[in-house]
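The residues making up each chain are set out below.
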Amino acid sequence: MKLYAGIDIGSRSIELVVVDEQGTLMDFFQADTGFDPISEANRILRGVAYDQIMATGYGRGLFETAFDDAQTVTEIKAHARGVVCFFPEATTILDIGGQDSKAIALNDRGRVKKFEMNDRCAAGTGKFLEIMAKNLGFSMEEFGLAALAAQNDLSINSMCTVFAESEVTTLIARGADRKEIARGLHLSVVKRAGGMINRVSSQGPIVFSGGVANNPCIQELISQKLGRQVLVPETPQMMGALGAALILAEKASERVV
């Protein structure tokens, strides 16, 4: 039996998934990317059995250079394939990671039809939420729950991380409720994500992948503001690595045939 690995090297974390020839999940791992993603990737791979490996994510080029036998695939294709494994009827994907966000529309065969990506600005990403949570004195786990508990919506006008930080500082100085500020920041992320989603796909359920998909407030606000069902895989941050592994296994199967 041959084993196929997919590794997603993101700005904040690295995910590794191993599947067999039938695409059955055999194992998965996750670790922080750190300052040296290739060293961290080597550490994760140590002792992991696989025959071939495919990389995706922002560090896939580095990985391909460091590992001569590695193949690569774009994040868009990898996330699409991973999501379809969990939700075969999926037509719309929102992926929000550490430093970028993507809205992807799929055709009825699960292939990418259209997509939009924000990778030039931290606004609307996991990094944005991480910075703002720290400024408000919340852990990331507390942040989404605090925003959910807020009684009122509060508007954050700036989407630029630097200016939003200044705006938050001013609101704190004025005595604004921390939970309401948290909700306002979540709303600003959802507003940006919602615009991307509607430009690629205007109807049907939205499958939410990436680490930010674990945030309960973002989940609820997307559904509420867009009037669409939001579906979240059990391990949303693993979709890219899973998709890469499945694509590799399918390519190997085609070569055998």
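Residues numbered from 1 in each chain as written. Predicted model: local features only at pLDDT ≥ 70, side-chain atom pairs only at ≥ 80, totals over all residues. Heavy atoms only, no water.

On to the overall build of the protein chain. Helix and strand counts for the protein chain stand at nine helices and 10 strands. For the protein chain, whose C-alpha radius of gyration is 19 Å, the value lies close to the compact-globule estimate of 18 Å for 257 residues. Taken over the C-alpha atoms alone, the protein chain extends approximately 65 × 40 × 25 Å along its principal axes. The buried share of the protein chain, reckoned over its 257 residues, is 51%. (Helix = DSSP H or I, 4+ residues; strand = E, 2+ residues; numbered from the N terminus. Rg over C-alpha atoms; globule rule 2.2 N^0.38 Å. Buried < 20%, exposed > 50% of the residue type's maximum accessible area, 1.4 Å probe, protein only.)

To continue, consider the confidence of the model for the protein chain. Confidence along the protein chain averages 92 in pLDDT terms, with 96% of residues attaining 70 or more. Taking the mean pLDDT of every element in the protein chain, the minimum, 84, falls on helix α6 (residues 161-173) and the maximum, 98, on strand β10 (residues 230-231). (pLDDT = per-residue confidence, 0-100.)

This brings us to the packing of aromatic side chains. Evaluated as defined, the whole model comprises two aromatic pairs. Sitting over the face of the ring of F138, R178 holds its NZ or CZ atom 4.1 Å from the ring centroid. (Phe/Tyr/Trp six-rings, centres within 6.5 Å; stacked < 30°, edge-to-face > 60°. Lys NZ or Arg CZ within 6 Å of the ring centre and 35° of its normal.)

Moving on, we get to helix α4 (residues 126-136). All buried positions along α4 are accounted for by G126, F128, L129, M132, A133 and L136. The arc that holds every buried residue of α4, seen down its axis, measures 155°, which confines them to one face. Residues of α4 that are buried make contact with β6 (92-96), α5 (140-149), α6, α7 (178-200) and α8 (216-226). Within two residues after α4, G137 carries a phi angle of roughly 80°, on the positive side. (Arc of directions from axis to C-beta. Contact = heavy atoms within 4.5 Å.)

Attention now goes to the sheet that holds strand β4 (residues 52-56). Two strands in a sheet stick together by hydrogen bonds in their backbones, pointing the same way (parallel) or opposite ways (antiparallel). Strand order in the open sheet formed by five strands is β3-β2-β1-β4-β5, and the pairing between neighbours is mixed. Only two strands of the sheet have a single neighbouring strand rather than two, namely β3 (25-32) and β5 (71-72). Bridge count between β4 and β5: two bridges; the pairing is parallel. In the sheet register, A55 faces β5, and the bridge partner there is T72. Each of β1 (3-9), β2 (13-20), β3 and β4 is contacted by helix α1 (residues 37-45), which is oriented at about 35° to β2, the strand it contacts most. (Pairing = 2+ DSSP bridges. Axes fitted to C-alpha atoms, helices over the stretch in contact; angles between N-to-C directions.)

Turning next to the sheet that holds strand β7 (residues 101-106). In spatial order, the strands read β8-β7-β6-β9-β10; together these five strands make up an open sheet with mixed pairing. Edge strands, defined here as strands with exactly one partner in the open sheet, are β8 (112-118) and β10. Across two bridges, strand β9 (residues 206-209) lies against β10 in parallel orientation. From the neighbouring strand, I206 faces β10, where its bridge partner is V230.

What follows deals with the layout of surface pockets. Gaps left between atoms are located by rolling a probe of water-molecule size over the structure's atoms. Looking at the largest pocket, its volume works out to about 830 Å³. Lining the largest pocket are 31 residues; nearest its centre among them are R12, G97, G98, G211 and V212. Put simply, the parts of the chain that give the lining of the largest pocket at least two residues each are β2, α3 (75-86), α4 and α5. Per-element tally for the lining of the largest pocket: the top contributor is α4, with four residues. Put simply, the second largest pocket is a space of about 330 Å³. If you go around the second largest pocket, you meet 13 residues; those closest to its centre are K77, R81, G110, R111 and I247. At the level of secondary structure, the elements contributing two or more residues to the lining of the second largest pocket comprise α3, β8 and α9 (239-256). With five residues, α3 is the largest single contributor of residues to the lining of the second largest pocket. (1 Å grid on protein atoms, 1.4 Å probe; cavity = no way out; pocket = protein on both sides within 12 Å on 5 of 7 lines; lining within 4 Å. Points joined across faces, edges and corners; volume = space filled by probe spheres on them.)

To continue, consider α3. In this model α3 runs 17 Å from its N-terminal to its C-terminal C-alpha over 12 residues, within 8% of the 16 Å that 1.5 Å per residue would give. Taken as a whole, α3 has its buried residues at E75, I76, A78, H79, A80, G82, V83 and V84. (Expected span 1.5 Å × (residues − 1).)

A word on the environment of V212. Inspection of the secondary structure assignment puts V212 in the loop between β9 and α8. Taking the C-alpha atoms as reference, V212 lies 25 Å from A176; in sequence the two are 36 residues apart.

Attention now moves to the nonpolar core. L94, L136, F143, L185, F208, I218 and I222 are the most contacted members of the largest nonpolar core, which has 38 residues in total. Broken down by secondary-structure element, the contributors of at least two residues to this core are β6, β7, α4, α5, α6, α7, β9 and α8. At 10 residues, the largest contribution of residues to this core is made by α7. Setting aside residues no more than four positions away along its own chain, F208 makes contact with L94, I96, A213, I218, Q219, I222, V230, L231, V232, P233 and P236. (Core = buried A, V, L, I, M, F, W, Y, C linked by side-chain atoms within 4.5 Å.)

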